Amino acid sequence: MGNQGSSVVGRARRARPVWAIAFVVVLLGAFSLSLGTSSRAFADLSNAGGVSIDAGGPGDGGAFAADEYYSGGSEGTNTSGSNGDTEFKTIANDIPQTDWNTYRSGVSTYQIPGLSVGGEYQVRLYFLDWQNTEQGQRVFNVDINGTPVLSDFDIVAAAGNAGGDGTWIGVEQDLNETADANGNITIAFLQGPAGVPLVNAIAVVPVAVNAGGASIDSGGQGDVAGNTAGAPLSETGWVASSNTNPAPQDAPQNAISGDTGARFSSDADQAFGMYWQVNLGSPQSFDEIELDSGGFNADYARAYEVQVSNDGTNFTTVYNSAGSASPELASFDSQTAQYIRVVLELGSRTNWWSLVNVLVYGSGAAGTGFVPDEYYSGGSEGVNSTHSNGDTGFSTVTNPIPQNDWNTFRSGASTYVIPDLTPGAGYQVRLYFLDWQYTQQGQRVFNVDINGAPVLSNFDIVADYSNVGGDGTWIGVEKDFTETADANGDITIAFLPGSASVPLINAIAVVPAA
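Here goes a summary of the coordinates provided.

**Some thoughts on the nonpolar core**
One recurring pattern in soluble globular proteins is that nonpolar side chains are buried together.
Then, number 1: Grouped together as the largest cluster of nonpolar side chains are 35 residues, with contacts concentrated most on Tyr110, Leu125, Ile187 and Phe189.
Then, number 2: At 4 residues, strand β4 (residues 120-127) tops the list of elements feeding residues into this core.
Then, number 3: Residue contacts for Leu125: discarding those within four places in its chain leaves Val142, Leu150, Val171, Glu172, Gln173, Leu175, Ile187, Phe189, Ala201 and Ile202.
Then, number 4: Counting 31 residues, the second-largest nonpolar core is a separate cluster that includes Phe409, Val448, Leu456 and Ile491.

**A look at the environment of Thr386**
Then, number 1: Tracing the backbone through its elements, the reader meets Thr386 in the loop between β21 (376-383) and α4 (403-406).
Then, number 2: Using a relative accessible area of 17% as the deciding quantity, one classes Thr386 as buried.
Then, number 3: Between the C-alpha atom of Thr386 and that of Thr473, which follows or precedes it by 87 residues, the distance is 9.6 Å.

**Examining the side chain of Thr317**
Then, number 1: In this fold, Thr317 is placed in strand β16 (residues 316-321).
Then, number 2: On the basis of relative accessibility, which here comes to 11%, the residue Thr317 falls in the buried class.

**Quick word on the pattern of salt bridges**
Then, number 1: One pass over the structure, following the stated rule, counts 9 salt bridges.
Then, number 2: Residues Arg104 and Glu75 are paired through a salt bridge, measuring 4.0 Å at the closest nitrogen-oxygen approach. Residue Arg104 is located in strand β3 (residues 102-112), and its partner Glu75 is located in strand β2 (residues 70-77); the two are separated by 29 residues in the primary sequence.
Then, number 3: Looking at Glu75, the relative accessible area reads 54%, which means it is exposed.
Then, number 4: The partner of Arg410 in a salt bridge is Asp373, and the shortest N-O contact between them spans 2.9 Å. Taken together, the residues span a long stretch of sequence, with Arg410 in strand β22 (residues 408-418) and Asp373 in the loop between β20 (371-372) and β21 at a distance of 37 residues.
Then, number 5: The class for Arg410 is buried, based on a relative accessible area of 3%.
Then, number 6: Connected via shared salt-bridge partners are Asp67, Glu75 and Arg104.

**Points about unusual backbone geometry**
Then, number 1: Of note in the backbone geometry, Asn145 takes a positive phi value of approximately 50° without being a glycine.
Then, number 2: Positionally, Asn145 belongs in the loop between β5 (139-144) and β6 (147-153).
Then, number 3: The exposure class of Asn145 is buried, given its relative accessible area of 3%.

What counts and how
Residues numbered from 1 in each chain as written. Predicted model: local features only at pLDDT ≥ 70, side-chain atom pairs only at ≥ 80, totals over all residues. Heavy atoms only, no water. Core = buried A, V, L, I, M, F, W, Y, C linked by side-chain atoms within 4.5 Å. Buried < 20%, exposed > 50% of the residue type's maximum accessible area, 1.4 Å probe, protein only. Helix = DSSP H or I, 4+ residues; strand = E, 2+ residues; numbered from the N terminus. Contact = heavy atoms within 4.5 Å. Salt bridge = Lys/Arg side-chain N within 4 Å of Asp/Glu carboxyl O.

Written out as structure tokens, the structure is:
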């Protein structure tokens, strides 16, 4: 069975005459007096940083807001007193007790507005069936952005599959989705074979795909293609695990045993949230993993994330893919971590998930993972014709970069908005400059702001390296700043005109602060 991505094409809205708008507002006001305003369809706020909703409830006074953005269904109270969180590991991200105690039931739709257009979000759906304790009593469907994501979903069965006894156990289902052209994610709870749909809480959380940092070859094509891949890391002492329940002969450890006649298998249809993970025993550096299903080549992951962690509890997503065949090769910026987790983002009713061989490649020595120019607006690209490598004995560069990244640049007023970082987290912003055109001080003088605050004023590349003993000829300069990602997970770097010529930047690296 093929997989379909979630997408909604938005249509441009025609402007309405002012008198028509006023007339509609009056009608809506009169209508709300008689029926009540149960949903906030036109909220005047931005949810780019995510939103959490207590479905059918008044919110918890903290993270989860009162029920909003819905149409249809009816609210109610869970009388079981269950907190939803159990030792059966059906909950990946805990929520407060009060949010388990309320729900919206019946056919309903939530349209979450104000998200970043095209932004990737994890949609977390929380379910607790306080009324039914037997499988088959409540079976319904869920679509997101018009695409089915949960078909014939049975809360009690989902809890039972995780080892529960079917009594008031909460279930969390996580789905990665993209905000449409209007900045919306639409979640529809639809009638199924039995009972009516029910949801207790909804969280829409930005996926911090750049949480581990981003490195950009300004004005250039990057050096990733020229990297020399590192060798596979030794698997001695590694311990693999999974949240599936395979037969003993299909144990998770088989995927790193070196025996291609053995495999890890889910021994069940692929499902959202299934994961396989490995504990490397100690933090190690790597930038690529290979997932090989061997002779079970139809059992490849239909869509997945690669996550890393140093404590085995708090994981950061560094890669995601739609999945297309076996073997799958996942390449990403170099990471140093002890745990690697591969998490399924889509289910498959026709295939189990099998891994015969998983290889983890150490970070390559010939490149640093600078990607082609992206996330910019303004300016123009160009090539440095000096062939200088920028790195000299004058100690103007603390963290050297490949030759290829010194040879290109973006010039003129420009702005880089680096997205999908961890909101509120600290990052070191490394800016690399090499003035291939000017060799005299005062010929190029410009300014740099980060997150709206000046960090370099009247900056002169030539003067900077001359001050550390350079001769003024094609010497690279690195300037480092510790900054905090904003509430949307962005860091904004603006290169602004100054007193002479135009700004210039060769490369940018945003690295998690130590």
